[in-house]
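Each chain, written out:
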Amino acid sequence: MQHILDVVLDGSRPRDLLSIPVPEEYRAAVVLKEETEIFQGLPSREKDPRKSIHVQKVPTPQPGPGEALVVVMASSINYNTVWSAIFEPLPTFGFLERYARSVPSAIGHHRPFHVLGSDLSGVVLRTGPGVSKWRPGDRVVAHCLSVELSAPDGHDDTMLDPDQRIWGYETNYGGLGELALVKANQLMPKPAHLSWEESACSGLVNSTAYRQLVSRNGAGMKQGDTVLIWGAAGGLGSYATQLAVNGGAIPVCVVSDDRKAELIRAMGAEHVINRTKEGYEFWSDDQTPNPREWKRFGSHIRELTGGEDPDIVVEHPGRETFGASVYVTRRGGTIVTCASTSGYRHEYDNRYLWTALKKIVGSHFANYREAWEANRLITKGFIHPTLSAVYPLLNTGDAAREVQQNLHSGKIGVLGLAPREGLGIDAPAFREKYEAAINRFRGA
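A short tour of the structure in this document, coming up. Note on numbering: residues in each chain are counted from 1, in written sequence order. With the structure being a predicted model, the display of local features is reserved for residues of pLDDT at least 70 and the display and counting of side-chain atom pairs for 80 or more, all residues being used for whole-chain, interface and lining totals. The basis for every side-chain value is the complete set of heavy atoms in the structure, and neither hydrogens nor water enter the calculation.

What follows is about the sheet that holds strand β2 (residues 54-59). Two strands qualify as a pair provided DSSP detects at least 2 bridges between them. Under the scheme used here, helices are H or I runs from DSSP no shorter than 4 residues and strands are E runs no shorter than 2 residues, and both carry numbers assigned from the N terminus. Strand order in the open sheet formed by three strands is β2-β1-β4, and the pairing between neighbours is antiparallel. Of all the strands in the sheet, the pair left with one neighbour each is β2 and β4 (113-115). Neighbour-to-neighbour, the strand axes of the sheet open up by a mean angle of 60°, direction not taken into account. Contacts are assigned to residue pairs with any non-hydrogen atoms lying within 4.5 Å of each other. Note on geometry: axes are C-alpha line fits, over the in-contact stretch for helices, and angles between N-to-C directions span 0 to 180 degrees. Together, β1 (25-32) and β4 form the strand contacts of helix α4 (residues 93-102), whose direction differs from that of β4 by roughly 90°.

Here it is, written out as structure tokens:
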């Protein structure tokens, strides 16, 4: 592995990777099938990813037709890593078994370990038969959409493919390791002005936010739209905020403390609500919604916007906030929803949806085109990474715990084979124009 790293760090002879034998094994952050019951009986908040995520050596997979083996220089934590690590809503080993059963070439994904991670930046090490666009030595990032496209359903929108899966969550050999196995059509050019860890943190959340807000498959945001963004300083929210600002919309950003409010204002958002300071309680108890708080929240939004309700609500907390989101959306507006990190069972008053002709749109990651367009915005300097902290691979469990407890802002990165932060920058002059924005979340 050291020989591979030496060639990557040198950068002058990338094709030399072809002359280096592929290691038989590599280090990766995994969960184990034998441990799926270790948290049985505990509430979700007490299920600690540090106990279930292990960094150990695993056998190196061989790339099949249309696949690539990638040297992972850095990755990042997404909430699906937390779900995998606490075995909720289901252990992911069922996904791996079904993948291997339904797609014969995926038999190697059914293992007693699951390599996690749905982001990466790195260098192509080997390609399988039929791969022509990418070659060993190419610097890449990967989006997390894995599809087979053997049915007609996904050919207009690949997210509708019946064999659509999220790489590193519903497939094995994800990005939280020194190597990763991807379909070659997951690969995109690495933004040249960013370091490995900066490049690795945007793929999932930036693409997800792009589909939710900008795409015709989501809310189709236009200039002047008022957009309510929950968790605006978090992983998904920090990219949704940038897309709204850069797209000429009017974001109304909900955050949990003053520090996060300052970050959001620095990104160009004028209307910020500190939900902790305002003391919003959208539930009277675990079973009883509190419509009076929905109305108070709606009045607050109108005060900020000069009397306008949101045209679009970017909904990802789920159960805790969904009733309020439906209530405050303008007549004919759109609630676009994914993730449900506070709970999957949503409750809302349908009178506020049906009589006001509002729409609820389900949105899940992004199709190939949307992911590519989202990455292009980063390479052009329109959207910037919101990386706040970076952990070594050995401390992946600590990084996941921080995300689970919402102690972070923006995204948390994890180094793979990269020995330290700050490497991999190939366009320093272009970077200099955006240095402040690139580093805005660091240490936050």
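With that settled, consider the packing of aromatic side chains. Ring geometry is summarised as follows: Phe, Tyr and Trp rings, the Trp one being its six-membered ring, pair when their centres sit within 6.5 Å, and such pairs are stacked at plane angles under 30 degrees, edge-to-face over 60 and tilted between the two. All chains considered together, the criterion is met by 15 aromatic pairs. Ring geometry for Trp-83 and Tyr-344: centres 6.2 Å apart, planes at 45°, overall tilted. Remark: Tyr-344 occurs in the loop between β17 (334-337) and α12 (351-354) and Trp-83 occurs in helix α3 (residues 79-86); sequence separation between them is 261 residues. The class of Trp-83 is buried, set by a relative accessible area of 15%. What makes Tyr-344 partly exposed here is its relative accessible area of 45%. When the centroid spacing of 5.2 Å and the interplanar angle of 80° are considered together, the rings of Tyr-280 and Phe-297 count as edge-to-face. Only protein chains enter the accessibility calculation, which uses a 1.4 Å probe. A residue is then buried if its area is under 20% of the maximum for its type, exposed if over 50%, and partly exposed in between.

Looking at the secondary structure, you find Thr-208 in helix α6 (residues 203-213). In this structure Thr-208 comes out as buried when scored by relative accessible area, which is 7%. Setting aside residues up to four positions removed in sequence, Thr-208 forms contacts with Leu-236, Cys-338 and Phe-365.

Moving on, we come to the sheet that holds strand β11 (residues 226-229). Taken in spatial order, the six strands of this open sheet run β13-β12-β11-β16-β17-β18, and their pairing is parallel. If you trace the sheet from one side to the other, it starts and ends with β13 (271-274) and β18 (359-362), each paired once. With strand direction ignored, the average angle separating the axes of adjacent strands in the sheet is 20°. In this sheet, strand β16 (residues 312-315) lies alongside β11 in parallel orientation, the contact comprising three bridges. When the bridges of β16 are listed, Ile-229 appears paired with Val-314.

Among the nonpolar cores identified, the biggest contains 96 residues, and Leu-187, Ile-264 and Phe-365 are the most heavily contacted of them. Here the element with the most residues in this core is strand β3 (residues 67-76); it accounts for seven residues. Once you skip the residues sitting within four places of it in the chain, Leu-187 turns out to touch Ala-68, Val-70, Val-124, Trp-134, Val-140, Val-141, Ala-142, Val-182 and Trp-372. Residues grouped as a nonpolar core are buried Ala, Val, Leu, Ile, Met, Phe, Trp, Tyr and Cys residues, joined through side-chain atoms within 4.5 Å. One finds Phe-87, Tyr-391, Ala-399 and Ile-412 within the second-largest nonpolar core, a separate group that totals 20 residues.

Another point: the pairing of β17. The alternating pattern of β17 places Thr-334 and Val-336 and Ile-335 and Thr-337 on opposite faces, both of which are buried. Pairing between β16 and β17: four bridges, direction parallel. Within β17, the residue paired with Val-313 across the bridge is Ile-335. Look down the strands so they point away from you; if the path from the first strand over the helix to the second goes clockwise, the crossover is right-handed. For the crossover that starts at β16, traverses helix α11 (residues 322-328) and ends in the parallel β17, the hand is right-handed. Note: β17 against β18, four bridges, orientation parallel. Among the inter-strand pairings, Thr-334 is bridged to a residue of β18, identified as Lys-359.

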